Amino acid sequence: MGANNMLLCQIFFCVISFITTLAQETPNNSSIGTASVSSDTQLVSASSLACAAIQLDLGSSVVEYSGSEYSATVQGPWSLFNSLDRPTCIVYPRAASHVQVAMSKIFSFGSQYAVQAGAHSAMVGWNSISDGVLISFAHMTNTSYNPLTDTVTVQPGVHWGDAIAAVEPYGVSVIGGRASDIGTGLLLGGGISFISPLYGWSADSIKEVDVVLVTGESVTANATNKFSDLFRALKGGANRFGIATRYELYAAHTGTKEDKDWFGGSIVYPESSSVALSNASARYIREVTDPKAGLIVLMQATNLTPVDANVIIYLFYKGGSLPTNIFGDFLSIPNTSTSLSPLSYYDISNLISGSGRGNGQQFGASSWTGDEATFLNGYNHFMNFTRTFETDLLAADLIISPIPRSQWTANKSRGLNAIGDPGVAYAAINFNLIYPTGVTVIPERVNAGFQLLLSQASSSPGLPLYINECDASQNVFKTYPNFSALQKTYAKYDPSRFNVRHTAGLIGL
Ligand SMILES: Cc1cc2nc3c(=O)[nH]c(=O)nc-3n(C[C@H](O)[C@H](O)[C@H](O)COP(=O)(O)OP(=O)(O)OC[C@H]3O[C@@H](n4cnc5c(N)ncnc54)[C@H](O)[C@@H]3O)c2cc1C
């Protein structure tokens, strides 16, 4: 047994007697204050106490302090910055009841914690932690389709590519991310899919969700039961309102992989086409209302030093060809290569994997209405930023995702989400900075420049920011039209503000 394991065992046994005493003396452990662990235990951290208590209840196969699975989970996050943390222990729940045990102990001992599903967060510390408990859903990855209810039930650890593959033989799908490696954390932020214009925000496909609250209590929330306020808050509230342990999703009838009823693919353009593409994107946002059309525009500054830019777009239409009244601009702008063909939704959902690892990442969000000047202003500031920091960055993207009116109206009858419909078509803008291998913290001067870029390319008035693509500094909740209702819901379900004090995530609640 290594020295570390010996030490952990000593802590473990010293803690067990404390926990046993505590359990006997305080049956209602929710009354234990987060900072009130007795002076006997001053030398033992809250996370060590929580880990030991969880392991006592759930066993060492569920709670790990080291080993190959622990290491793989630690190194799993997409952003290198989040793979440098070392949790006190990792809890691998097999069932919601395990999450309940973990959360109640975390709450009792006032431990810091983090939750990891698909591990794709670009925000530092949102899916990883040092000196805290990490809950990893790596063992809860099932997907099943129920034809009687026409719903797909997914466990939180599944990646969208696997969920879509599991139900494709039934001719149905879920409104997952546009990259197959993304996980279900996407649902809690809202979720933009290639088929969102037709089927709505991914979060709006949730029929019901099981949630473990900060105290460890588990509730089932839907649009009509007594937890309907929580249900709405979870759909855009990200990780602030509890830990989701089961999502029941309305199935989308997209066909099997043989049903090639979409047409599209990708087009790559040289930098010289960027201004024309910026204008075409603004027009598309403003004018295209057909929900059968899908688009994402990635303006990339790759191979910095010096900056070498290009643009890649993915474009689709549910039909036999790309209508020129919708995509004519994009089809006529000079390009370097095209790859267009009939596709099934299954094909579309596997075009981008997004599984690359090894670099620190940073996101930032904006929201623009379809106005050529706004788009060009944002693009020019983005390119100036990349040129200023070309020696500090490996690459950078400006990604344009249309949010047409139909994305809000498609599923309105299924209950509103927390983001709140601003009443106009707009584009969710994501700035993605990719740091060179070996950079382990965001350099202060780059961050200062990035904050300046976010202010120069700021949102058009009245539009919500998209939480899944924001920078940790951005107060996204404040941009939601129903912000004050969201604050009330938060206060109702977490009156001691345990979540905001003990786990990293969006600011401002
Ligand atoms: C390459 C790439 C492509 C992307 N493409 C898209 C896209 O097409 N559409 C889109 O909308 N977004 C997209 N995103 C953004 C993505 O939706 C968010 O990063 C999302 O949060 C990732 O979820 P995850 O489960 O993979 O990540 P994680 O990092 O595991 O989770 C993200 C956040 O949610 C929390 N969380 C996860 N599961 C739970 C749970 N069950 N209960 C409570 N909290 C939980 C985590 O603690 C973390 O704070 C993309 C991101 C990347 C990096």
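First, a word on what this report is: a plain description of the structure on this page. For clarity, every value in this text was computed on a predicted model and none was experimentally measured.

**Quick notes on the pattern of salt bridges**
Then, number 1: One pass over the structure, following the stated rule, counts 15 salt bridges.
Then, number 2: The partner of R283 in a salt bridge is D329, and the shortest N-O contact between them spans 2.8 Å. One end of the pair, R283, is in helix α9 (residues 274-287); the other, D329, is in helix α10 (residues 324-332), with 46 residues separating them in the sequence.
Then, number 3: According to the relative accessible area criterion, D329 is partly exposed, its value standing at 30%.
Then, number 4: Within this structure, R283, R286, E287, D329 and E372 form a network of salt bridges that share partners.

**Overview of the state of the cysteines**
Then, number 1: Within the structure shown, the criterion is met by one disulfide.
Then, number 2: The disulfide bridge from C51 ends at C89, spanning 2.0 Å between sulfur atoms. Taking the torsion about the S-S bond as the criterion, the C51 to C89 disulfide, at about -90°, is left-handed. Of the two residues, C51 sits in helix α2 (residues 46-58) while C89 sits in strand β2 (residues 89-91), which places them 38 residues apart along the sequence.

**Some remarks on the side chain of T503**
Then, number 1: Here T503 shows up in the segment after α16 (498-502).
Then, number 2: At a separation of 2.6 Å, a polar atom in the side chain of T503 contacts the main-chain carbonyl oxygen of Y113.
Then, number 3: Sequence-distant contacts of T503, defined by excluding residues within four places in its chain, comprise Q112, Y113, A114, N239 and R240.

Criteria and cut-off values
- Residues numbered from 1 in each chain as written.
- Predicted model: local features only at pLDDT ≥ 70, side-chain atom pairs only at ≥ 80, totals over all residues.
- Heavy atoms only, no water.
- Salt bridge = Lys/Arg side-chain N within 4 Å of Asp/Glu carboxyl O.
- Helix = DSSP H or I, 4+ residues; strand = E, 2+ residues; numbered from the N terminus.
- Buried < 20%, exposed > 50% of the residue type's maximum accessible area, 1.4 Å probe, protein only.
- Disulfide = S-S within 2.5 Å.
- Polar contact = N/O pair within 3.5 Å; in protein donor to acceptor, adjacent residues only side chain to side chain.
- Contact = heavy atoms within 4.5 Å.

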